[in-house]
Amino acid sequence: MIATVTVSVLYLVDLLLGDLVPFDVVGVWLGIIAELCAVAVCVSAVVRTRLSQWQVVFGAAALTAYTAGDVYYLSTLDGQQAHDVVSAADVAYLAFYPLMLGALAVTVRKLKGVTWPSLLDSLVGALAAASLMAMVLAPVLRSGAGGGTTFGMIVIVIYPLLDLLLITAVGGLLASRGLDLGPRRLLLVIGLVLFAAADVAFALGVQDYVIGSAVDTGWILGIVALALWVDGVARGGTAFRQQDRGLAAVTMLMVSTGSAVAVLLIGCQVPIAPLAQVLAALTLILAAVPLLFRNRMLVTLATTDELTKLPNRRGLVRDLRGRLDKRHPGALLFLDLDRFKDVNDALGHNVGDALLVQVSERFARALRQEDLLARLGGDEFAVFLDGLSTEEALKVARRLEAELAEPIRIGTASLKTSVSIGIALTPENGTDISLLMRKADIAMFRAKSSRSGHHLYSSMDDDGGARKLRTLEELRTALLENQFELHYQPKVRLSDDTVTSVEALVRWNHPVLGQLPPTSFLPLAEEAGLMPQLSTLVLEAAVDQASRWHDDGLTISVAVNLSGSCIQQYLPRQILTLLEQHNLPAKCLMLEITEDMLMADPAHSAKILARLRTAGIEISIDDFGTGYSSLAYLRDLPAAELKLDRSFITAMRTDPRAGGLVGSIIDLAHSLDLRVVAEGVDNAETLVELRALGCDLAQGFHFAKPLPAAKVVPWITRNTPVVKVTAVPG
């Protein structure tokens, strides 16, 4: 490619600085060499793409044919300065045009799902290009007509007309919003314009043409520009990518309409070809057509869900305005898929989107034609049932639940999902759209929290329901804006007072209420199915902070509390990826899981936790002693640590039996090779007794309250001089 550009530059220098004699031998051969280098670039592109891109193959064939014609033309001059008007080389020259059209046609053939606006854009661009070319070619056509009907004059006129065809096609493709002519599409335009200019100049001065004249420059540089375009298409990885080029397409349409206006203005001042004026007028007419429908299209787009093609929230509100009537019964159902986020996290958003589409189709087949189905966003849907009684609305809710009883197959995955449905009746629960939607949302939240499948709104639901719903919305906003902060409470090893670990505890920085403790929002997050999302935020923040401490030489681990709803198949992969991204050793992370969560499905939990333990991540059983414990699961779970619930530790000061129970648990844990952590240690007396009982670690206000990350290192340095914080060498 560099050689091609270099020879082209030398050719231009020779043309501009040479003697400008009619037959410049050096310039002629430099031009041929430039064309041969261009062909070499094309052949290299074909080889590189292994004939897999037909756009490259056709483009390369077109340039090779044209260059072959030039080589033949030059080799058969036999001392002449030019051939007669027509020679055998014209066969190769004419082959250039259908091959280039083939390269463009391949692009169109591969475009799927073309909409009429895209086709209209293409037609506007094509007509604009045609009107310009018709105006420019008018002198050539008149010259051809005046010269009679000889075969030579027909051939001369054919070339500019073929140029018109190519430029018209390219103009249409550039104006299309769904087609891509490659990263160097500008070179395609430049190359074809140079060809057209050279053909027009040749046609107008055919009697004076000699080889090596300035006219040849258009053809030679056109070949070079087109070769560089073909190379760009090959390097782009694909000859056709269906995409919305947005600004580029809009710019091309502006250029098209501007060109048409210019042609008409010129036609008002000087005589131009009537064909050019007609084409320019058609361009402007077709460009104006979308304006007639634009408002309707915008309304449709604004009220339609792009994924499922159902009405969105705006569409639902619009359609409900004509359906709510104080005299006719109806029911508004809010539907929310259960644990949909797990699908997105485990299998990706593409699978999640495919699941939503199939769910919407199943819901639709359970409804009547007159019922209204909408997607509100995310995994939330809404249904309005017109003219049904309460019992009939409940039957529809049960039918919608039953539609998801069978697993949904997406590719090789078989997904099982369920739905929570809230039902608000009209006119009983109101005829105001906002009020009815709020009550359906409250009922849906009740159904989700009680895991009942569906719930019919009643006045009792507003007892704290509105406040709870508002808090839930604020919590969702907090997750989107990451309004959370981690504090860290040290775990102290009782044998030498060394801090070996810190527990990460989340705080919500509420924009109005200030910093909130986890007890004020974690139960709601668990109830609403938001714990996986919150746990992901906490994990990422904790690992990031642990990585910073590790880089500074602080060799402690960070413990993160995980909800049982987070113990999914994708958890080990998620955590290991996170550790790898932050270059943090697995031993620097510990996961704390409450025993009641573990006991909900011990076999499932043990399998996933075993994978984490194998990777080097330690597992701690939190709040031990508060659930329905089983010694068997203590033996089978891959845990390294037990955390005694604070209720046992607090009772030790007043109840001797509590101390005996704590001692027994410590002995049991040690027999199973488990460390024991006492949490809630608030005084020196309890600490002395725990040391005597052989407890391994302790945490609580006696040592430190949970600290912001910035205060952890100073606290450790000040209170446990055994631990040294040093910079990592190098």
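Residues numbered from 1 in each chain as written. Predicted model: local features only at pLDDT ≥ 70, side-chain atom pairs only at ≥ 80, totals over all residues. Heavy atoms only, no water.

1. Quick look at the side chain of Thr308
- Within the fold, Thr308 resides in the loop between α10 (274-302) and α11 (313-321).
- Residues in contact with Thr308, not counting those within four places in the same chain, are Leu356, Val357, Ser360 and Arg375. (Helix = DSSP H or I, 4+ residues; strand = E, 2+ residues; numbered from the N terminus. Contact = heavy atoms within 4.5 Å.)

2. Quick word on the confidence of the model for the protein chain
- Looking at the protein chain, pLDDT values average 78 and 75% of them are 70 or higher.
- Scored below 50 in pLDDT, residues 19-23 shows 8 contacts in the model against residues more than four places distant or in partner chains.
- Throughout residues 238-248 the model reports pLDDT below 50, and contacts reaching past four residues in sequence, or to other chains, amount to 30 contacts. (pLDDT = per-residue confidence, 0-100.)

3. Concerning the pairing of strand β11 (residues 557-562)
- Burial analysis of β11 places 5 of its 6 residues in the buried class, the great majority of the element.
- Both strand β9 (residues 498-510) and β11 contribute to a ladder of 4 bridges, which runs parallel. Paired with Glu503 across the two strands is Ala559, which belongs to β11.
- The sheet contact formed by β11 and strand β12 (residues 589-594) spans 5 bridges and is parallel. Bridged to Val558 within β12 is Leu589. (Buried < 20%, exposed > 50% of the residue type's maximum accessible area, 1.4 Å probe, protein only. Pairing = 2+ DSSP bridges.)

4. Overview of the nonpolar core
- Counting residues in each nonpolar core, the largest one holds 81 residues, and the members touching the most others are Phe484, Val558, Ile575, Leu589, Leu591 and Leu690.
- Counting residues per element, this core draws most heavily on helix α18 (residues 531-551), which supplies 8 residues.
- Grouped together as the second largest cluster of nonpolar side chains are 37 residues, Phe96, Leu166, Ile223 and Val233 included. (Core = buried A, V, L, I, M, F, W, Y, C linked by side-chain atoms within 4.5 Å.)

5. Regarding the packing of helix α3 (residues 54-75) against helix α8 (residues 215-235)
- The interhelical angle for the contact between α3 and α8, taken along N-to-C directions, is 160°, at an axis separation of 10 Å. In terms of orientation, α3 and α8 fall into the roughly antiparallel class. Taken as a pair, α3 and α8 cross one another with a handedness that is left-handed. Contacts from Gln55, Val56, Gly59, Ala60, Leu63, Tyr66 and Thr67 of α3 reach α8 at Trp219, Ile223, Leu226, Ala227, Trp229, Val230, Val233 and Ala234.
- Considering only residue class, the contact of α3 with α8 consists of 12 nonpolar, 3 polar and no charged. (Axes fitted to C-alpha atoms, helices over the stretch in contact; angles between N-to-C directions. Parallel < 35°, antiparallel > 145°, perpendicular 65-115°, else oblique. Left-handed = near helix turned anticlockwise from the far one by under 90°. Nonpolar A, V, L, I, M, F, W, Y, C, P; charged D, E, K, R; others polar.)

6. Quick look at the sheet that holds strand β1 (residues 330-337)
- Read across the open sheet, the 5 strands follow the order β2-β3-β1-β6-β7; overall the sheet is mixed. A single partner strand is all that each edge strand has here, and the edge strands are β2 (372-377) and β7 (454-456). The mean angle between the axes of side-by-side strands here comes to 20°, regardless of whether they run parallel or antiparallel.
- With 5 bridges joining them, β2 and strand β3 (residues 380-386) adopt antiparallel strand pairing. The residue of β3 that forms the bridge with Leu372 is Phe384.
- Lying on the sheet, helix α15 (residues 433-450) is in contact with β1, β3, β6 (419-426) and β7; it crosses β6 at an angle near 145°.

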